[in-house]
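# Chains, contacts and geometry: an overview
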Amino acid sequence: MLNWKGFICGIVTSATFGLIPLFTLPLMAAGMNVPSVLSYRFFISMLMMGAFLFVMRRSFRVTRREAAALAGLSLLYTGSAVFLFWSYHYLASGIATTMMFLYPVFVALIMIVFFKEKNSFWTMSAIVLAVSGVAMLSWNGEAGGVSFTGILLAVLSGLSYGIYIVSVNKSCVRDMASAKLTFYVFLFTGLFMLAGAYAMGDLQRIPTWRCDLNLTLLALIPTVVSNLTLVAAIKSIGSTFSAVLGAMEPVTAMTVGVWVFGEPFTRMTAWGVALIILAVTLVVLAPALEKGYRLGKLFYITKVKGIHPDIMPYH
C-alpha cells in the first residue's frame, strides 16, 4: 500500500529546500552580505529547532566527544552553505542549486575511493551523466548566466555537503536523534558564521522589515521545515525514495529563478539540469537496480537456460 504521507513529506522536503533563492536573493539585493545572512539564518533556525525539541520534551544532553564531532560536522555544513550563497553572485540561482545537488554523486565517489565500497555499472553511469550535465551548463555561455567561478563554488558546496553526509554516518553521532543533531549543527554553524563575520567586520544589522521577514522565512521553510519533513519521509518511505524525491530541489530552484527573478533558461540549460537529475536518481537507485539485475540474471540461468545454480555458480 502506497504511503502517501511519506511521499508528501518527501516532496515538501525537496520543494522547500529549493526555495532558498526565493528568500536569499532579495536579502543580497538589499545589500546584506553572505556572512550576515547565514549568521541570522542559522541562529533563527537554531531557536526554532530548540523550541521544537523543548515542546517534544527531547533531551539536549551531549557528551564532550559528541560536541567535538558536532563542531567538526558544522564546519563542513558551514562550508556548503557559504559556497552555495557565494555562487549566487556568479550563477543563476537555479543552475547553482542544481550543481549543489550533485552531492549524492560525491557521496558515492567518496565511499568507493576511501571506504572501498563496491563499484557498479549504475554508479559509473551516473558519474558520466553528472559530468556531462555540468559540462553542458558550463558550455551554456553568458546566455545562461554561467561563470566558471560560480560553477566551482557550487560544486564545492555539493562536495562539502557530500563529505558532511559521509562524516555523519562514520562519526560517533551517527545514532543521535536527527532533531538533536540538526539543532547542534545549526547552533555551531551560527557560531562559526558569527565569529567569521565579526573577525572580518562584516556583520550587518537587518536593514528593513522585509529583510526580517525574508530571514525568518529562510530559517523556517528551507531550513527547519525541510529538515523535519525529511526525517518524517525517511521514517515513512525510507531513505532511497526520499532521496529520489529530492530531484524536486533543482526543479523548484530553477522555476523560482526563471519565473520570479527572470533568469534565462535555454535548451542547453534544460539538458544539463535533466542529466544531473538523472545522474542523482541513478546513484540513489543503484542498489535496487543492481539487485534487480542479479535477480533477472538468476531467473534467466535457472528458468530459461534450465541450469541449476549449484552447477553454475551465480555471481
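Up top is the structure these notes are about.
Residues numbered from 1 in each chain as written. Predicted model: local features only at pLDDT ≥ 70, side-chain atom pairs only at ≥ 80, totals over all residues. Heavy atoms only, no water.

In this section: helix α1 (residues 4-17). In this model, α1 (14 residues) spans 20 Å end to end at C-alpha, consistent with the 20 Å of a helix rising 1.5 Å per residue. Among the residues of α1, those classed as buried are Gly6, Cys9, Gly10, Thr13, Ser14, Thr16 and Phe17. (Helix = DSSP H or I, 4+ residues; strand = E, 2+ residues; numbered from the N terminus. Expected span 1.5 Å × (residues − 1). Buried < 20%, exposed > 50% of the residue type's maximum accessible area, 1.4 Å probe, protein only.)

Most of the time, phi is negative for any residue but glycine, and the peptide bond is trans. We note that Arg57 has phi near 60°; this positive angle belongs to a residue other than glycine. Arg57 gets classed as exposed once you look at its relative accessible area, which sits at 79%.

So, about the layout of surface pockets. Considering only enclosed or pocket space, the second largest pocket measures out at about 210 Å³ in volume. Lining the second largest pocket are Met49, Phe52, Arg58, Ala177, Ser178, Ala179, Thr182, Asn227, Leu228, Val231, Ala232 and Lys235. Those elements that provide at least two residues to the lining of the second largest pocket are α3 (34-55), α9 (178-200) and α10 (209-245). No other element matches α10, which puts five residues into the lining of the second largest pocket. Across the lining of the second largest pocket, the residue classes tally to seven nonpolar, three polar and two charged. (1 Å grid on protein atoms, 1.4 Å probe; cavity = no way out; pocket = protein on both sides within 12 Å on 5 of 7 lines; lining within 4 Å. Points joined across faces, edges and corners; volume = space filled by probe spheres on them. Nonpolar A, V, L, I, M, F, W, Y, C, P; charged D, E, K, R; others polar.)

In this section: the packing of aromatic side chains. Per the counting criterion, the structure on display carries 13 aromatic pairs. A network of ring pairs unites the aromatic residues Phe42, Tyr77, Phe101, Tyr103, Tyr161, Tyr164 and Phe186 as a single cluster. One cation-aromatic arrangement involves Lys170 over Phe115; the distance from NZ or CZ to the ring centre is 4.7 Å. (Phe/Tyr/Trp six-rings, centres within 6.5 Å; stacked < 30°, edge-to-face > 60°. Lys NZ or Arg CZ within 6 Å of the ring centre and 35° of its normal.)

Turning our attention to the environment of Glu263. Along the chain, the position of Glu263 falls in the loop between α11 (248-259) and α12 (267-304). On the basis of relative accessibility, which here comes to 14%, the residue Glu263 falls in the buried class. In this structure, the C-alpha to C-alpha distance between Glu263 and Gly94, residues 169 residues apart in sequence, is 8.3 Å. Contacts of Glu263, omitting those with residues within four sequence positions, involve Leu25, Ala92, Ser93, Gly94, Gly257 and Val258. At a separation of 3.0 Å, a polar atom in the side chain of Glu263 contacts the side chain of Ser93. (Contact = heavy atoms within 4.5 Å. Polar contact = N/O pair within 3.5 Å; in protein donor to acceptor, adjacent residues only side chain to side chain.)

Right, let's talk about the nonpolar core for a bit. Core analysis: the biggest nonpolar cluster contains 73 residues, and Leu38, Phe85, Tyr88, Met99, Tyr164 and Leu181 have the highest contact counts within it. Every residue in contact with Leu181, bar those within four places of it in the chain, is listed here: Leu70, Tyr164, Val168, Val173 and Met176. (Core = buried A, V, L, I, M, F, W, Y, C linked by side-chain atoms within 4.5 Å.)

Moving on, we get to helix α5 (residues 93-100). Buried residues dominate α5, accounting for eight of its eight residues. Those residues of α5 not exposed but buried are Ser93, Gly94, Ile95, Ala96, Thr97, Thr98, Met99 and Met100.

Where α1 contacts α11, the two axes come as close as 7 Å, and the packing angle between them is 40°. Judged on the interaxial angle alone, α11 and α1 are oblique. Two packed elements cross with a definite hand, and for α1 against α11 that hand is right-handed. Where α1 approaches α11, its residues Ile11, Ser14, Ala15 and Phe17 are matched on the opposing element by Met248, Glu249 and Thr252. Within the contact of α1 with α11, the residues separate by chemical class into four nonpolar, two polar and one charged. (Axes fitted to C-alpha atoms, helices over the stretch in contact; angles between N-to-C directions. Parallel < 35°, antiparallel > 145°, perpendicular 65-115°, else oblique. Left-handed = near helix turned anticlockwise from the far one by under 90°.)

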